[in-house]
Each structure stands twice: as C-alpha cells, then as structure tokens.
Amino acid sequence: MSEGFFCQTDNSTLTVFRESSLNTYGKASIAATLNGSYAGTDLTVSFSSSAVTSGSAETDIIYQGNKPVPSGNIGMTWCNDAVSARRCDQHYARWSTAGPTQSTACHETGHAVGLTHGNRASPALNNGDDRLRCMTRPSEFSTLGPTNLGNINATY
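These numbers come from a predicted model, not from an experiment. (Residues numbered from 1 in each chain as written. Predicted model: local features only at pLDDT ≥ 70, side-chain atom pairs only at ≥ 80, totals over all residues. Heavy atoms only, no water.)

**Description of the nonpolar core**
- Among the nonpolar cores identified, the biggest contains 22 residues, and Y38, Y63, V113 and I152 are the most heavily contacted of them.
- Of all elements in the fold, only strand 2 (13–18), helix 1 (24–35), strand 4 (61–64), strand 7 (91–95) and helix 2 (102–112) reach the threshold of two or more residues within this core.
- With 3 residues, helix 2 is the largest single contributor of residues to this core. (Core = buried A, V, L, I, M, F, W, Y, C linked by side-chain atoms within 4.5 Å. Buried < 20%, exposed > 50% of the residue type's maximum accessible area, 1.4 Å probe, protein only. Helix = DSSP H or I, 4+ residues; strand = E, 2+ residues; numbered from the N terminus.)

Okay, structure coming up:
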C-alpha cells in the first residue's frame, strides 16, 4: 500500500466502478468488501456500469488492476479531483495485479474514505497494530475494525 496524503470522498453516497482490467476474483473481492465491511458504515455504496470522469457527479472510486504502482507496494489510492484540502470528488484505487484480495480492497477503499496508516493517525499507532484491522500495513485483515467504523460514521 502506498504512503501519502489521503482525503476523503466528498459525500456519503459512494459510487464505484470496477474497470475491465480487474479479473473476476478482483471484482468479487471489491464487491465482498463493500457489501460486507463498508455496509456497516453510514456510506451508501452503489456499483456503476460505467465511470463518470468529469462534471459534478463523478464516480467516487474507480478501481483498476494490472497497473503500475510504486516499487514495494501492492496497491495505491489517490485523489484525482480535489474539491478542497480534505474532500475529493474522485479517487482511483489500483493494484499491480488483476485480482486484489479483500484485505487490499478494504485497505485501498479505506484511503478513499479518509482512513490512514497508523503512524499518520491521531493518536499515532504502529502500522501493524491489530486495532487498525484492514488498514494495517501490510494488511492481513479483510475487514474494518470498530475504530475504523466509528471514524467513517463520525465523518459521514
């Protein structure tokens, strides 16, 4: 996973698109994560059959597979269209493989909704602290933890 500044999506209605560069396993991992862990949040997730990349109603997260990521990383997430210093209209989440696991899908989606690695949290935690659940680095968990859920719900 990549380090860096993460801003949160701009509203609680989370529209997502899974590119054809993801294989069936990768698309299923993303769906299982969003319909599982993220269903327990105040976010309303909807899957789109196409991506909207301009205008006021852009797709919130576009997932990509088989794309370059920084050396030493499995995936990365970045804001493509910031609306303020803390809010983003559109994120891209990508993996170096076509089939991300549920743990990496949970992790990269977490960045798109404003979650960070433990060493960037307040109070700071070790990046491997189990309380971070899928936001640990490297991630061994495929679900959000209670702290993650609370942070997402307090934000949205």
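**Looking at helix 1**
- Relative to the 16 Å expected for 12 residues at 1.5 Å per residue, helix 1 spans 16 Å between its end C-alpha atoms, a close match to the ideal helical length.
- Among the residues of helix 1, G26, S29, I30, A31, T33 and L34 are the ones counted as buried.
- Contact partners of the buried residues in helix 1: strand 2, strand 3 (44–47), strand 4, strand 7 and helix 2.
- Among the residues of helix 1, the N-terminal cap falls to N23, whose side-chain oxygen and the backbone nitrogen of Y25 are separated by 3.2 Å. (Expected span 1.5 Å × (residues − 1). Contact = heavy atoms within 4.5 Å. Polar contact = N/O pair within 3.5 Å; in protein donor to acceptor, adjacent residues only side chain to side chain.)

**Some thoughts on the environment of L132**
- Along the chain, L132 turns up in the loop between helix 2 and helix 3 (146–155).
- Given the relative accessible area of 8%, L132 is considered buried.
- C-alpha of L132 to C-alpha of G145: the two residues are 13 residues apart in sequence and 6.2 Å apart in space.
- Residues within four places of L132 in sequence aside, it is in contact with G118, L125, N126, N127 and N148.

**A word on the state of the cysteines**
- Tallied over the full model, the rule gives 2 disulfides.
- With its sulfur 2.1 Å from that of its partner, C79 forms a disulfide with C88. In this structure, the disulfide formed by C79 and C88 twists by about 100 degrees around the S-S bond and is classed as right-handed.
- Classification of C79 by relative accessible area gives partly exposed; the value is 27%.
- Bridging C106 to C134, the disulfide has an S-S length of 2.1 Å. The chirality of the disulfide connecting C106 with C134 is left-handed, given an S-S dihedral of about -60 degrees. Residue C106 is found in helix 2, and its partner C134 is found in the loop between helix 2 and helix 3; the two are separated by 28 residues along the sequence. Both residues of the pair, C106 and C134, count as buried.
- Of note for the protein: the bonded cysteines, numbered N- to C-terminal, pair according to 1-2, 3-4.
- Lacking any disulfide linkage, C7 is separated from the closest cysteine sulfur, that of C79, by 3.8 Å. (Disulfide = S-S within 2.5 Å.)

**Observations concerning the sheet that holds strand 5 (residues 75–79)**
- Strand order in this open sheet of 5 strands is 3-2-4-7-5, and the pairing throughout is mixed. Whereas interior strands pair on both sides, the edge strands pair on one side only; in this sheet they are strand 3 and strand 5. Each neighbouring strand pair of the sheet contributes to a mean axis angle of 20 degrees, computed without reference to strand direction.
- With 5 bridges connecting them, strand 5 and strand 7 associate as antiparallel partners. Within the sheet, the bridge partner assigned to M76 lies in strand 7 and is R94.
- Across the sheet, helix 1 touches strand 2, strand 3, strand 4 and strand 7, and the angle it forms with strand 2 is around 170 degrees.
- Of the strands in this sheet, strand 4, strand 5 and strand 7 touch helix 2, which is tilted by about 155 degrees from strand 7. (Pairing = 2+ DSSP bridges. Axes fitted to C-alpha atoms, helices over the stretch in contact; angles between N-to-C directions.)

This is a description of form; function is not addressed.
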